[in-house]
Amino acid sequence: MKTVLITGCSSGYGLETARYFHERGWRVIATMRTPREDLFPRSERMRVIALDVTSAASIAHAIDASGPLDALVNNAGIGVVGAFEATPMSHVRKVFETNTFGVMAMTQAVIPQFRSRKSGVVVNVTSSVTLTPMPLASAYTASKMAIEGFTGSLALELQAFNVRAKLVEPGYGPSTNFAQNTDIPVADLIPAAYAAFAEPIFAGFANPRAVTTPSDVAEAVWRAANDVSSQLRFPAGADALALV
């Protein structure tokens, strides 16, 4: 039986991905900052563990508590939408702490066991903002683009040990908590000078031509985790596929 640890499982893509892997017979370590066992079926193959990916102590505890892993899915992330001019640098740093450095820290924590067994896969969930420039997403895009470059290089480093690294690139998921998963309301990051520019962009968010669902992402993560080819990128969702 294979075991996967998934970060950011309290809602959205992470929650659906944890359920998806469990339904297919894997042992799942579903992690989140505040554990909620009620989100998942009662099962010996499902464990819910507290994890803050910005804390070295929390990462070490979660890895120790999980036991041997076959896959790591770095899904946890926070969003930021707004004019970069109005985004405090303290918030930009917070976004990078989770979206970038948290992913790197989790990856570094599991590499030793994967390398020693010459088996394992790291799946990093980024975003379709890495596929084409998008307005009002500068800081968020930067945090995700860093992981794109990181994962591509890492894949080359680890292939000598039969360890794989993959990217899943979801599109826009209005059913998720992305816009709410931030300390700063979107309205506070749209100064009056940017209002006219932002209005049609937000209108497009409200009426998208195509979207990404949590099941789209869960399926893409599953494919990536089980893929043994050299394919690096796995777009997820109709809108992401259209961009590709």
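Everything below is about the structure printed above this text.
Keep in mind that this is a model prediction, so the values were computed, not measured.

Provide a residue-level description of the layout of surface pockets, including the pertinent values.
If you add up the space inside the second largest pocket, you get close to 270 Å³. Along the walls of the second largest pocket sit 15 residues, with Gln159, Val163, Arg164, Lys166 and Ser229 positioned nearest its centre. Counting residues per element, the lining of the second largest pocket draws most heavily on strand 6 (residues 164–170), at three residues. The residue makeup of the lining of the second largest pocket, split by class, is six nonpolar, seven polar and two charged.

Provide a residue-level description of unusual backbone geometry, including the pertinent values.
Negative phi characterises most residues that are not glycine, and trans characterises most peptide bonds. In this model, Leu136 sits at a positive phi of 60°, which is unusual for a non-glycine residue. Phi at Asn162 takes a positive value of approximately 60°, unusual for a residue other than glycine. Along the chain, Asn162 turns up in the loop between helix 4 (138–158) and strand 6.

Can you lay out the pattern of salt bridges for me, pointing to particular residues and giving the numbers?
This model, assessed by the stated rule, comprises six salt bridges. The partner of Arg36 in a salt bridge is Asp38, and the shortest N-O contact between them spans 2.6 Å. In this structure Arg36 comes out as partly exposed when scored by relative accessible area, which is 40%. For Asp38, a relative accessible area of 56% translates into the label exposed. Within the structure, one salt-bridge network assembled from shared partners comprises Glu148, Glu169 and Arg233.

Requested: an account of the sheet that holds strand 2 (residues 27–32), with residues and values cited.
Spatial strand order, 3-2-1-4-5-6-7: seven strands in an open sheet with parallel pairing. Here the strands that pair on one side only, and so sit at the sheet edges, are strand 3 (46–50) and strand 7 (233–236). For this sheet, the mean inter-axis angle between neighbouring strands, taken without regard to orientation, is 20°. Relative to strand 5 (residues 121–125), strand 4 (residues 71–74) runs parallel, the two being bridged by four bridges. Residue pairing for strand 5: Ala71 is matched across the bridge by Val121. Sitting on the sheet, helix 6 (residues 214–226) touches strand 4, strand 5, strand 6 and strand 7, and the angle it makes with strand 6 is about 165°.

Give a description of helix 1 (residues 12–23) that names residues and reports values.
A rise of 1.5 Å per residue sets the reference length of helix 1, with its 12 residues, at 16 Å; its end C-alpha atoms lie 17 Å apart and thus fit the reference within 8%. Taken across its 12 residues, helix 1 has nine buried, putting it largely inside the fold. Looking only at helix 1, the buried set comprises Gly12, Tyr13, Gly14, Leu15, Thr17, Ala18, Tyr20, Phe21 and His22. Once helix 1 finishes, Gly25 follows within two positions and takes phi at roughly 95°, a positive value.

Tell me about the environment of Gly120, residues and numbers included.
When you line up the elements, Gly120 lands in the loop between helix 3 (89–117) and strand 5. A relative accessible area of 3% places Gly120 in the buried class. For the pair formed by Gly120 and Pro135, sequence separation is 15 residues and the distance between their alpha carbons is 36 Å. With near-sequence residues (within four places) excluded, Gly120 lies in contact with Asp70, Phe114, Asn162, Val163 and Arg164.

Let's hear about the packing of aromatic side chains: which residues, and what values?
For the coordinates displayed, the defined rule picks out seven aromatic pairs. Centroid distance Phe202 to Phe205: 5.8 Å. Interplanar angle 65°. Geometry classified as edge-to-face. Of this pair, Phe202 and Phe205 both sit in helix 5 (residues 195–206), separated by three residues, roughly a single helical turn. The exposure class assigned to Phe205 is partly exposed, which follows from its relative accessible area of 32%. Here the aromatic residues Tyr20, Phe21, Trp26 and Trp222 are joined through ring pairs into a cluster of three or more.

Can you break down a nonpolar patch on the surface residue by residue, with the values?
On the surface, Tyr172, Phe205 and Val211 cluster together to form a nonpolar patch covering roughly 210 Å² of accessible area. Note on placement: Tyr172 falls in the loop between strand 6 and helix 5. Given the relative accessible area of 31%, Tyr172 is considered partly exposed.

What counts, and at which threshold
- Residues numbered from 1 in each chain as written.
- Predicted model: local features only at pLDDT ≥ 70, side-chain atom pairs only at ≥ 80, totals over all residues.
- Heavy atoms only, no water.
- 1 Å grid on protein atoms, 1.4 Å probe; cavity = no way out; pocket = protein on both sides within 12 Å on 5 of 7 lines; lining within 4 Å.
- Points joined across faces, edges and corners; volume = space filled by probe spheres on them.
- Helix = DSSP H or I, 4+ residues; strand = E, 2+ residues; numbered from the N terminus.
- Nonpolar A, V, L, I, M, F, W, Y, C, P; charged D, E, K, R; others polar.
- Salt bridge = Lys/Arg side-chain N within 4 Å of Asp/Glu carboxyl O.
- Buried < 20%, exposed > 50% of the residue type's maximum accessible area, 1.4 Å probe, protein only.
- Pairing = 2+ DSSP bridges.
- Axes fitted to C-alpha atoms, helices over the stretch in contact; angles between N-to-C directions.
- Contact = heavy atoms within 4.5 Å.
- Expected span 1.5 Å × (residues − 1).
- Phe/Tyr/Trp six-rings, centres within 6.5 Å; stacked < 30°, edge-to-face > 60°.
- Patch = residues over 30% accessible without salt bridge, like charges linked within 9 Å, V, L, I, M, F, W, Y side chains within 5 Å.
- Areas by Shrake-Rupley, 256 points an atom, 1.4 Å probe, with all protein chains shown as cover.

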